[in-house]
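What follows is the residue order along each chain.
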Number of protein chains: 2
Amino acid sequence: MVIGLTTMLEKSEALFASDHASVVSMNLFVALLCACIVLGHLLEETRWMNESITALIIGSCTGIVILLISGGKSSRILVFSEDLFFIYLLPPIIFNAGFQVKKKQFFRNFMTIMLFGAVGTLISFVIISLGAKHFFEKMNIGDLTISDYLAIGAIFSATDSVCTLQVLNQDETPLLYSLVFGEGVVNDATSVVLFNAIQRFDLTHINSAIALEFAGNFFYLFILSTALGVAAGLLSAFVIKKLYIGRHSTDREVALMMLLAYLSYMLAELFHLSSILTVFFCGIVMSHYTWHNVTDKSKVTTKHTFAALSFLAEIFIFLYVGMDALDIEKWNVVRSSPGQSIGVSSILLGLILVGRAAFVFPLSFLSNLTKSSLDEKIDWKKQVTIWPDIRIRTIWWAGLMRGAVSMALAYNQFTTSGHTKVLGNAIMITSTITVVLFSTVVFGLLTKPLVKHLQPSSKRSSTTALQITTGSSFHDPLLTNNEPLLSTQGPSEYNIEQPVSFRMFWNSPSRAIHHYWRKFDNAVMRRIFGGRGVSPVVPGSPIDTSVRQWSEEVENKEQNGEP
Amino acid sequence: MVIGLTTMLEKSEALFASDHASVVSMNLFVALLCACIVLGHLLEETRWMNESITALIIGSCTGIVILLISGGKSSRILVFSEDLFFIYLLPPIIFNAGFQVKKKQFFRNFMTIMLFGAVGTLISFVIISLGAKHFFEKMNIGDLTISDYLAIGAIFSATDSVCTLQVLNQDETPLLYSLVFGEGVVNDATSVVLFNAIQRFDLTHINSAIALEFAGNFFYLFILSTALGVAAGLLSAFVIKKLYIGRHSTDREVALMMLLAYLSYMLAELFHLSSILTVFFCGIVMSHYTWHNVTDKSKVTTKHTFAALSFLAEIFIFLYVGMDALDIEKWNVVRSSPGQSIGVSSILLGLILVGRAAFVFPLSFLSNLTKSSLDEKIDWKKQVTIWPDIRIRTIWWAGLMRGAVSMALAYNQFTTSGHTKVLGNAIMITSTITVVLFSTVVFGLLTKPLVKHLQPSSKRSSTTALQITTGSSFHDPLLTNNEPLLSTQGPSEYNIEQPVSFRMFWNSPSRAIHHYWRKFDNAVMRRIFGGRGVSPVVPGSPIDTSVRQWSEEVENKEQNGEP
């Protein structure tokens, strides 16, 4: 450990040497971040744009300018550092997503999210790996091994959570957001398992034992990562409640929450767990318990600070990706074969489209089988006769983007600390960049209008007009709770206080989990960890319901950012 | 520039290589930060302790534990990186200090602060340099050159602003805080000039031309640094007001303020200005204009976020200094001569005490000469007969601490990227560590009770009992405005609307500057840059006064953290 500390700090010494040139580049980078914010703000009214695309474009333009200034010679502008990305930029983004996520919406659809995130990603992984092997072997693009093909599958099967956050709006399309973003978080666990599996198992000969070990590995990783995040969140709630940290200083509460969240992420890294899952659940628990124990000022501060830091990290990533795209070293290697490069990119994009379609449509079908009420099934049967419902197509479409996570994984697999001279590897890197830029810009640009199109035309002009009635034409076959696809959470969703039997677990497991969780949460957890404060009234009585409804409403409003 | 970018990023690549060991050390460090917060909170009731001392002790203990685990062999635990300190940790601390400083208190005492920060630091520098040369040459501690002695003077003449922030409380002792902390900020400019002077001029033969150039250099640096900070602050106010950034997103405002503040710091670094002065004035302008243009949520968020980040950076620094103190490499070099090391540390501590006394007492006398009203002078003459007033002694005492800034400068002068094998240099480093630890712990521990002792005994028990009457026994000879030393700002201080003549500039320049600044600020600046909002009533009319008093009161309350 001591040697490790030494290594890290001798490295940090090397980095922090304040030569004039690095100060220049830091100035440039900070100024560009400011420009991204201001331009993103000015372009916000535009239907097509979002901040990530603005940052990508500004980053690329800066790359071109620096390339021209250096006369095309010195072109290594920014090296994409996967560790800068994974250690400093990703944690605030994912933590904030957990902190701000609508918990009810997320847990209601938990089963569907798990199905998409685990099984779906696996299907996509198999299709992309097989497709890549099939096509790329014919194209003669260098010496890619079987593990390279499997890595390609793992890299491109994962939906990028950061891109999803940029394009989808939680308040406008809560269900779509929770499904696609939740899937993005869960498939990080899948990716970690896949990467481990690629390195440990001989996946060319899959048998039932290996498949079982794989599944066990996944559940082990998922449960441990989640438990670590939940434990860190509960610890923060307990400490802040018991020691009354906010007594003297609001700032201490905020600092402690930040530190514990980051600690959970780093501990997950330490134990080779899925750190994204950990910090996501830490965010959920902190917003459910810790947030209700802190002072009012801390509530406002944490909510907006985490959002602002996440926002900064997001535009940092996109600016970074935009600048790195222009790295001429890799492009020089593939210059001799432009056709191959374009071909590989196109094939990858096609495989992503097919791979996602191959699990979204069947799994949506499967998800509907768990529904309990008969009329919903009939409703769904009506729809199976036509081309898949537009909302399912939207789920398919909204998860197509590949972003910085894909780039980081590709650099990990195909370069040695950011450099490569091998043709096959260079083609894979340039193709990844192409796929990321294309999917983020083109798919991203088209997602906003597509989502807008989903909203009923009569209310399209109003900004808050997102709650639609559960008419048959808008009935969503994906939902287990007969909720409309596009709805904000109203008090009506708390009228599910009917008796729950174990049969319910079979018929609608998500609903049963949610029900028992609420009971347990009210009875035990909130007494220990604070939470929203347990009301002294008898559970189930009218006053209890109304108090709870009111407090839930207040919380929803707060979560939505309303005054 | 492109080469610079390359260098920086190749370095960052090296740093961010996520080997397992560096993940372990990051976990350890984050966990220790959490422990510091919790322990600091628990020890808060203690009269003697503060967070910096807690962090120092925890850091040292961890160092000892790691030293024992490694069996005393591998002892290089943490390398003190002056660039990590100056580029990442210091900016949020100083910016927050500017952001939260009581502006009126600061500008009222501006002349005294300048006198202390510029002339005082120079006097202290001369005394410490001469004293070090005199004593160390006799002690035969290796080959220290004349520039080393001058560097020692520059290193130890500067009051550490970070330590001051930890020990003094702005709300309890606003005047003492503004004087000592303000001095700490201004003497950064002096330090930069001194360092440049040491490298450029032959200071062994000082003549009037060199002294004049030195003074010109100082004012050039001071004015340019201040102007840059003010410009960055005004730019943020203008952009946020004109573009109405908060329309859609509070987070964007917060992010933009952070980025512009950091940009001002980095620009000052780029142009070799005093970046501490720049970011301090940027903070002042942002709290005066920008803060009043943002949404209410952003107001709460920025106030507490900046404070929390500054708090984190502070405990990070002290933990870091505590861990670095145990670096056995340097101690091994000086092990052969323990007497010399102790001697050097004691002499340095003595020189710091004498050097500070040599300017605090005469300059306090000088500061009183600028007073206009006759009875104040008589009041002061009463007191000159006795041993200097206890409050002047407190000013002397509270500025004795040396902290991370001194360590960073010492490492810069006496090591090559954190390592040294030369005896003289090693002794200087270990002595610096000893001086920093001793002054922070001992002087720091004694400052709190000393300041408490200043408060009138009848009110010592009450936490808010800080406003004392201006009785003759509590009259402060330092003040130009006849204010009590320990007072919170009440509305009474706005009753200075009597006609102001140019004679006032001669008699009480601070007051005149304050007066004209208020006129200008109201008339021009607030129309362009927002500020607290210009009331449409006639200036000087009763309603104007009352509205302004009310808004100032509200602002003061907000600045004090009251609800």
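This text gives an overview of the structure that appears in the document. Note on numbering: residues in each chain are counted from 1, in written sequence order. All chains are assigned letters beginning with A, and all ligands numbers beginning with 1, in the order in which they are written. Totals for whole chains, interfaces and linings use every residue, but because this is a predicted model, local features are given only for residues with pLDDT of at least 70 and side-chain atom pairs only at 80 or more, for both listing and counting. Note that water and hydrogens are dropped before the side-chain values are worked out from all heavy atoms of the structure.

Side note on a nonpolar patch on the surface
Step number 1: Without a salt bridge and with relative accessible area above 30%, a residue can belong to a patch; like charges are then joined within 9 Å and nonpolar side chains (Val, Leu, Ile, Met, Phe, Trp, Tyr) within 5 Å. Shrake-Rupley sampling with a 1.4 Å probe provides the accessible areas, and residues are treated as covered by the protein chains on show and by no other component. In the sections that follow, a salt bridge refers to a side-chain nitrogen of Lys or Arg positioned within 4 Å of a carboxyl oxygen of Asp or Glu. A cluster of nonpolar residues, A:Phe219, A:Tyr220, A:Ile223 and A:Leu224, forms a patch on the protein surface that exposes about 420 Å² of accessible area.
Step number 2: Within the element layout of this structure, A:Ile223 appears in helix H10 (residues 208-243). Think of it this way: any DSSP run of H or I at least four residues long counts as a helix, any run of E at least two long counts as a strand, and we number them from the N terminus.

Side note on the environment of B:Leu28
Residue and element names in this part refer to chain B.
Step number 1: Within the secondary structure, Leu28 is located in helix H2 (residues 20-42).
Step number 2: For Leu28 and Thr62, which are 34 residues apart along the polypeptide, the C-alpha to C-alpha distance reads 9.6 Å.
Step number 3: Setting aside residues no more than four positions away along its own chain, Leu28 makes contact with Thr62 and Ile66. A contact between two residues is defined here by any heavy atoms of the two lying within 4.5 Å.

Topic: the pattern of salt bridges
Step number 1: Overall, the coordinates contain four salt bridges over all chains when judged by the stated rule.
Step number 2: The residue A:Lys133 makes a salt bridge to A:Glu137 at a minimum N-O spacing of 3.1 Å. Here A:Glu137 and A:Lys133 lie together in helix H6 (residues 110-139), a separation of four residues that amounts to about one turn.
Step number 3: Residue A:Lys133 is classed as partly exposed on the basis of its relative accessible area of 29%.
Step number 4: Only protein chains enter the accessibility calculation, which uses a 1.4 Å probe; a residue is then buried when its area is under 20% of its type maximum, exposed when over 50%, and partly exposed in between. Classification of A:Glu137 as partly exposed rests on a relative accessible area of 48%.
Step number 5: Among the ionic pairs, B:Glu183 bridges to B:Arg356, the shortest N-O distance being 2.8 Å. Of this pair, B:Glu183 sits in helix H9 (residues 174-200) while B:Arg356 is found in helix H15 (residues 338-369), placing the two residues 173 residues apart along the sequence.
Step number 6: Note on B:Arg356: relative accessible area 1%, which makes it buried.

Here's the deal with the packing of aromatic side chains
All names here are of chain A.
Step number 1: We call Phe, Tyr and Trp rings a pair once their centres come within 6.5 Å, taking the six-membered ring for Trp, and we label the pair stacked below 30 degrees between planes, edge-to-face above 60, and tilted otherwise. Under the counting rule described, the total for this entry stands at 40 aromatic pairs over all chains.
Step number 2: Seen from their ring centres, Phe361 and Trp396 are 6.1 Å apart, and the 40° between their planes marks the pair as tilted. One end of the pair, Phe361, is in helix H15 (residues 338-369); the other, Trp396, is in helix H17 (residues 390-398), and 35 residues separate them in sequence.
Step number 3: On the basis of relative accessibility, which here comes to 18%, the residue Trp396 falls in the buried class.
Step number 4: Judged by centre distance (6.0 Å) and plane angle (65°), the rings of Trp396 and Trp397 are edge-to-face. Each of the two residues, Trp396 as well as Trp397, counts as buried.
Step number 5: Ring-pair connections join several aromatic residues into one group, and the members of that group are Phe106, Phe107, Phe110, Tyr177, Phe181, Phe280 and Phe281.
Step number 6: Over the face of the ring belonging to Trp291 we find Lys299, whose NZ or CZ atom lies 5.5 Å from the ring centre. Two thresholds decide whether a charge sits over a ring: the Lys NZ or Arg CZ must be within 6 Å of the ring centre and within 35 degrees of the ring normal.

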